[in-house]
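# A closer look at the structure
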Amino acid sequence: EDQVTQSPEALRLQEGESSSLNCSYTVSGLRGLFWYRQDPGKGPEFLFTLYSAGEEKEKERLKATLTKKESFLHITAPKPEDSATYLCAVQVGTSYGKLTFGQGTILTVHP
Amino acid sequence: EAQVTQNPRYLITVTGKKLTVTCSQNMNHEYMSWYRQDPGLGLRQIYYSMNVEVTDKGDVPEGYKVSRKEKRNFPLILESPSPNQTSLYFCASSSEGTGGFNTEAFFGQGTRLTVV
C-alpha cells in the first residue's frame, strides 16, 4: 500500500528562523511528488513538482528537494505570511489523476 | 481566469436526503478528482476521472457516486448522506503532461458539508 508521511505535524518558527519539512514515501513506481500550500478554509495551492531523485526546485523562500525515499521543503528566513499547512502528494504507477496525500505540516511563523 | 468552481460552498442537510455538489473547470483538463479532508486524516481521494465517461475509485469511495458526461463538469453525488460524510470536500483538475506525468492539480475553494 502506498504511504506518504509528513513530519513534523506542526512547526513553530520565529521570523527569520530557517527550517525544513519532511515528506517520506513508500510507493511503487513514483511518477511525481507534489508540494502544496493550504491556507485555512481554502483549497490547496500548487508549489512544486519533482519527478526524479536529485531534482531541486526553488521559489522565493522555498526550496524543494527529492531523494529516492523522501522530499524536503526547506524554508529560508520565513516570514509570518508563510504560515500555512504544507501538503505533499505522490502520483504513482499508471494511476493517472490519482494522488495520495500526506497529512500535512502546520507551519506557524511568529514575528 | 483559470479556475475550478464548486457549489455550494456550505451545505447543511439531513440524513438520507440526496444531494449533489457541482464542480466545473475552465482549463480543458482531462483529469478531475474529488477529495474529502478531515482533521487528522488529511486529504483522501474519493473518485477520479481520466476523461469523459472514464472514472475510477479513489481511497474512500463508499457512499459516493460521480459522473463525467462533459469534460468540464464532475459532480459528486451523495444518494443517502450519513453523518460520517460530514467533511470538507474539494474538487481538483489537472492535465495530462508529457511522458505520462500529471501536471499540477488546481483545487476548488471547497464545500463544507454537514449531515445531521
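Reference entry: report on the structure contained in this document. Residue numbers here run from 1 along each chain, matching the order of that chain's written sequence. As a convention, the first chain written is A and the first ligand written is 1, with the rest following in written order. In view of the model being predicted, local features appear only for residues whose pLDDT reaches at least 70, and side-chain atom pairs are presented and counted only at 80 or more, with totals across whole chains, interfaces and linings using the full set of residues. Hydrogens and water are ignored here; the side-chain numbers use all heavy atoms of the structure.

Counting from the N terminus, the helices are DSSP H or I runs at least four residues long and the strands are E runs at least two residues long. Per the secondary structure count, chain B includes 0 helices and 11 strands. Overall, chain B shows an N-to-C arrangement of helices and strands of β-β-β-β-β-β-β-β-β-β-β. For the C-alpha atoms alone, the extent of chain B along its principal axes is close to 45 × 30 × 25 Å. When the 116 residues of chain B are sorted by exposure, 51% land in the buried category. Any two residues having at least one pair of non-hydrogen atoms within 4.5 Å are treated as being in contact. For chain B, contacts bridging at least 24 residues in sequence account for 54% of all contacts bridging at least 6. Total accessible area computed for chain B in this model is approximately 5500 Å², and 50% of it derives from carbon and sulfur atoms. The sign given to each residue is positive for Lys and Arg and negative for Asp and Glu; His and the chain ends receive no count. Where a charge lies is defined by one atom per residue type: Lys uses NZ, Arg uses CZ, Asp uses CG and Glu uses CD. Averaging the positions of the 12 positive and the 11 negative side-chain charges in chain B gives two centres separated by 8 Å. Note on exposure labels: buried denotes an accessible area under 20% of the residue type's maximum, exposed denotes more than 50%, and partly exposed covers the range between, all computed with a 1.4 Å probe on protein chains only. Here the open area of atoms and residues is found with the Shrake-Rupley method and a 1.4 Å probe, where only the protein chains shown may cover a residue.

On to the state of the cysteines, then. Criterion for a disulfide: a pair of cysteine sulfur atoms at a distance within 2.5 Å. Applying the stated criterion across every chain yields a total of 2 disulfides over all chains. There is a disulfide in this structure between C23 of chain A and C88 of chain A, and the S-S distance comes to 1.9 Å. Disulfide C23 of chain A-C88 of chain A: the torsion about the S-S bond is 70°, which places it as right-handed. Here C23 of chain A is found in strand β3 (residues 19–26), whereas its partner C88 of chain A is found in strand β9 (residues 84–92), with 65 residues between them in sequence. Exposure class is identical for C23 of chain A and C88 of chain A. Each is buried. Each sulfur of the disulfide joining C23 of chain B and C91 of chain B lies 1.8 Å from the other. Between C23 of chain B and C91 of chain B the sulfur-sulfur dihedral comes to about -75°; the bridge is accordingly left-handed. Of this pair, C23 of chain B sits in strand β3 (residues 19–25) while C91 of chain B sits in strand β9 (residues 87–94), and the two are 68 residues apart along the sequence. Classification of C23 of chain B by relative accessible area gives buried; the value is 2%.

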